[in-house]
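Next come the chains, spelled out residue by residue.
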Amino acid sequence: MTSTTTRLLRLLSLLQDRTHTGRELAERLAVTDRTLRQDITRLRELGYPVHAERGPIGGYRLGQGANMPPLLLDDDEAVAMAVAMGLADNGSTGVADIDATVARALAKLQRIMPKRLQHKVTALRSSTEMGPAVTGSREPDAPVPAETLTTIATAIRGHVTLRAEGTELEPYRLISWQRRWFLVAYSLDSQSWRALPVANLGAVERGVRVFAARALPEQDLVAFVLREIAIAGWEVHARVTVLESAETVIARINPAVGVVEPIDEHSCVLLTGADRLETIAIYLSMLMMDFRVDDPPELVAHLRTLARRYSAATPPEG
């Protein structure tokens, strides 16, 4: 690769970041103002819409053009793009003709991706499952560093233990659901299967011990995670008696809403949870069934407040 080509790629990378003054770009590239102007011209000839803005806060920036020029991605961006497209490339987008387009774009990206990045992408894609996207959520996002996910995915693929939360884990699967990440792992300390929110793990370190795969707690690990979330994964938990059969309630709710236990043919118990009482109240209103809150008392008080507000907002009949 020639020096000029290398410099053009570096210039393109800078322009994709933000607006830069000519002097700043020339200093970053260690070139003269004249060489910089020549490089800007070359990029424009290649189809990159480089805009020049005058004034004290002006400079060069990359804008929108009439055609799609080649993109320049750094390592993290390339991995994120490939993983996102790979998860979308499952025939379930619901948009006509988009699945084939995603597959073509993914194939192009993978062909030019260095081996070291391909290994990261393969590890993440092969270690990840998606939870259902059929329910809304008002819970706050729980972002996870990409490096943490890569560390976990690599350990899953290599059957290597992890150290997190002061315990040793055998990692088996990453589950992505409602903008959150969960790790299905076997805890060697508690000798139990767990569904761990990755955002709460803190520092995750790859161990050195290779382990033999155990029999999974169940074949559907997404369902396992959703049940664990409903029982113990939220800040607030509730026990609700629903005056319908367990079969009726199970058919009505998404598995992530809670665990249903039958009482008799006309009633059942719903164990559910969320990060806020308000969210549980929303879930219960969406049931469209008669229910009674058994616990916690704070949820009972919140529903009474809502009942007063709804009653006051309703004009009298007649």
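Below or above, wherever it landed, is the structure these notes cover.

Cut-offs applied
- Residues numbered from 1 in each chain as written.
- Predicted model: local features only at pLDDT ≥ 70, side-chain atom pairs only at ≥ 80, totals over all residues.
- Heavy atoms only, no water.
- Helix = DSSP H or I, 4+ residues; strand = E, 2+ residues; numbered from the N terminus.
- Buried < 20%, exposed > 50% of the residue type's maximum accessible area, 1.4 Å probe, protein only.
- Polar contact = N/O pair within 3.5 Å; in protein donor to acceptor, adjacent residues only side chain to side chain.
- Contact = heavy atoms within 4.5 Å.
- Pairing = 2+ DSSP bridges.
- Axes fitted to C-alpha atoms, helices over the stretch in contact; angles between N-to-C directions.

## Things to note about the side chain of Asp39
Along the chain, Asp39 falls in helix 3 (residues 33-45). Judged by its relative accessible area of 0%, Asp39 falls in the buried class. Side-chain polar atoms of Asp39 contact the side chain of Arg7, separated by 2.5 Å. If we skip the residues at most four places from it in the chain, Asp39 touches Arg7, Leu8 and Leu11.

## Considerations on the environment of Val208
Inspection of the secondary structure assignment puts Val208 in strand 8 (residues 205-210). Here the alpha-carbon distance between Val208 and Thr161, two residues 47 residues apart in the chain, equals 6.7 Å. Leave out the neighbours within four places in its chain, and Val208 touches Val160 and Thr161.

## A few points about the sheet that holds strand 10 (residues 258-264)
Pairing in this open sheet of four strands is antiparallel, and the strands run 10-11-9-12 from one edge to the other. Here the strands that pair on one side only, and so sit at the sheet edges, are strand 10 and strand 12 (291-295). On average, adjacent strands in this sheet sit at an angle of 25 degrees to one another, irrespective of strand direction. Strand direction decides the pairing type here: strand 9 (residues 236-242) and strand 11 (residues 267-274), joined by seven bridges, are antiparallel. Bridge assignment links Val236 to a residue of strand 11, and that residue is Ala274. Its contacts with the sheet place helix 11 (residues 297-313) against strand 9 and strand 12, and it is angled at close to 140 degrees to strand 12.

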